[in-house]
Amino acid sequence: MRVLVTGGAGYIGSTLVPMLLERGYEVRVVDSGLFGVEHLPPEAEVVLGDVLDFQEEWLEGVEAVIHLAALSNDPMADFSPRLNYQVNAAGAALVAQMCRRRGIQRFVMGSTCSVYGFTEQEVDEEWDARPSYPYAISKLMAERALQCLEGDGFHPIILRKGTVIGWSPRMRYDLVANTMVKTALTEGRIVVRNPRLWRPILDVRDAAAAYIRALEAPAEVTGVFNVALGNYTVAQIAQEVAEVLAERGISVAIEHQNLPDVRNYRVSTRKAREVLGFQPSVSLKESVRNMLDKIQAGIHADFENPRYYNIEWWRRVVEWGLPHKA
């Protein structure tokens, strides 16, 4: 079975693609190459292309699509509001429409729990999501487009993931736990912007496993699913990171600030367990230990490299005209 993965060279995609290959899938990756593609396995077919210029021929021989291509966080959305809505909303709708036209039944899209915005209670997929910031709005727009296209054999599954963390071949240090590990090692401290805020957390390997689970779900399964290991306050995340560092003989200070944020959400993952049969298995501490193992082995340990920070690298590409593989 051939699976097409848009954005397959990204943080999650570069973890997912090897797992798909190991399960016997043929994999075609469509990626802009913004962060390079050299870290992908040679067995993967790579098409350098933009989803806004998606070519129907890229779907030749494809039986399922996992759509990951997106501007992936709030800073990128703020940097280019136009591209945020174009890539995240219109790009997803364009690819999905072509899949439906070609009779591709399974379409799995990556969304985010940040669509819930600011809530005081634990919410499920039936919650009336009304985010107030552009990144989450664009992802919710993409969800709505897929729901409009559903039917006539087209069965989209939307995964609203918690904040993804952990080590990946295309590493990022601009995600909450990953940032804490980096600053602990470089500055001897963990800075917590607001200790009371809630975030659902998910290791990148579990995120990849969730996509595979959705890919292999019965054809009649469709809809939106929250996917997360569990809900943590930012203070709890910092404490667990510090405890793992202490296991390695690294003592760090935790500095609490009280900065406002428009995001605060806890989610129920009951539907994913009961309908998809998916339960994350990588604990927060295990995720941090794996990161430390790689860093202490010298892998992705050059913390100043701008390619580990999505907005920093993108600014250089856009403003300085750098080639994608610079």
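Residues numbered from 1 in each chain as written. Predicted model: local features only at pLDDT ≥ 70, side-chain atom pairs only at ≥ 80, totals over all residues. Heavy atoms only, no water.

Chemist: I'd like a description of the side chain of Arg199, backed by residues and values.
Modeler: You can see Arg199 is positioned in strand β10 (residues 198-203). At 3.4 Å, the side chain of Arg199 forms a polar contact with the side chain of Asp261. Not counting chain neighbours up to four residues away, the residues in contact with Arg199 comprise Thr163, Gly230, Asn231, Tyr232, Val234, Asp261, Arg263, Asn264 and Tyr265. (Helix = DSSP H or I, 4+ residues; strand = E, 2+ residues; numbered from the N terminus. Polar contact = N/O pair within 3.5 Å; in protein donor to acceptor, adjacent residues only side chain to side chain. Contact = heavy atoms within 4.5 Å.)

Chemist: Residue-level account of the packing of helix α5 (residues 176-187) against helix α7 (residues 234-247), with values.
Modeler: Look at α5 against α7: their axes get within 10 Å of each other, and the N-to-C directions meet at 45 degrees. One element, α5, and the other, α7, form an angle in the oblique class. Crossing geometry of α5 relative to α7 is assigned as right-handed. Taking contact as the criterion, the partners of Val176, Ala177, Met180, Val181, Ala184 and Leu185 in α5 are, on α7, Val234, Ile237, Ala238, Val241 and Leu245. Its residues assigned to classes, the contact of α5 with α7 shows 11 nonpolar, no polar and no charged. (Axes fitted to C-alpha atoms, helices over the stretch in contact; angles between N-to-C directions. Parallel < 35°, antiparallel > 145°, perpendicular 65-115°, else oblique. Left-handed = near helix turned anticlockwise from the far one by under 90°. Nonpolar A, V, L, I, M, F, W, Y, C, P; charged D, E, K, R; others polar.)

Chemist: Residue-level account of the side chain of Glu125, with values.
Modeler: With respect to the helices and strands, Glu125 occurs in the loop between β6 (118-123) and α4 (134-149). Despite its burial, Glu125 pairs with no opposite charge, the nearest such side chain being Lys271 at 5.3 Å. At 2.7 Å, the side chain of Glu125 and the backbone nitrogen of Asn226 are in polar contact. Those residues in contact with Glu125, other than ones at most four positions away along the chain, are Tyr116, Arg160, Val224, Phe225, Asn226, Ser268 and Lys271. (Buried < 20%, exposed > 50% of the residue type's maximum accessible area, 1.4 Å probe, protein only. Lys, Arg positive; Asp, Glu negative; His and termini not counted. Salt bridge = Lys/Arg side-chain N within 4 Å of Asp/Glu carboxyl O.)

Chemist: Lay out the sheet that holds strand β3 (residues 45-48) with the relevant residues and their values.
Modeler: Pairing within the open sheet is parallel, and its 7 strands lie in the order β3-β2-β1-β4-β5-β7-β11. The two strands at the open ends of the sheet, each matched to only one other strand, are β3 and β11 (223-227). Between one strand and the next, the sheet's axes are offset by a mean angle of 20 degrees, whatever the strand orientation. Of the strand pairs in this sheet, strand β5 (residues 106-112) and strand β7 (residues 155-161) are connected by 7 bridges, and their pairing is parallel. Directly across from Val108, in β7, lies its bridge partner Ile157. Helix-sheet contacts for α4 involve β5, β7 and β11, and the interaxial angle to β5 is about 160 degrees. (Pairing = 2+ DSSP bridges.)

Chemist: Talk me through the packing of aromatic side chains; I want residue IDs and the actual numbers.
Modeler: Tallied over the full model, the rule gives 6 aromatic pairs. With centroids separated by 5.4 Å and ring planes inclined at 65 degrees, the aromatic side chains of Phe79 and Trp314 adopt a geometry described as edge-to-face. Of this pair, Phe79 sits in helix α2 (residues 74-79) while Trp314 sits in helix α10 (residues 310-320); the two residues are 235 residues apart in sequence, bridging distant segments of the chain. By relative accessible area, Phe79 is classed as partly exposed at 26%. Owing to a relative accessible area of 8%, Trp314 belongs among the buried residues under this scheme. These aromatic residues form a ring-pair network of at least three members: Tyr173, Phe303, Tyr308 and Tyr309. Above the plane of the ring of Trp198 lies Arg266, whose end atom (NZ or CZ) is 4.9 Å from the centre. Between Arg307 and the ring centre of Trp313, over which it is positioned, the NZ or CZ distance is 5.3 Å. (Phe/Tyr/Trp six-rings, centres within 6.5 Å; stacked < 30°, edge-to-face > 60°. Lys NZ or Arg CZ within 6 Å of the ring centre and 35° of its normal.)

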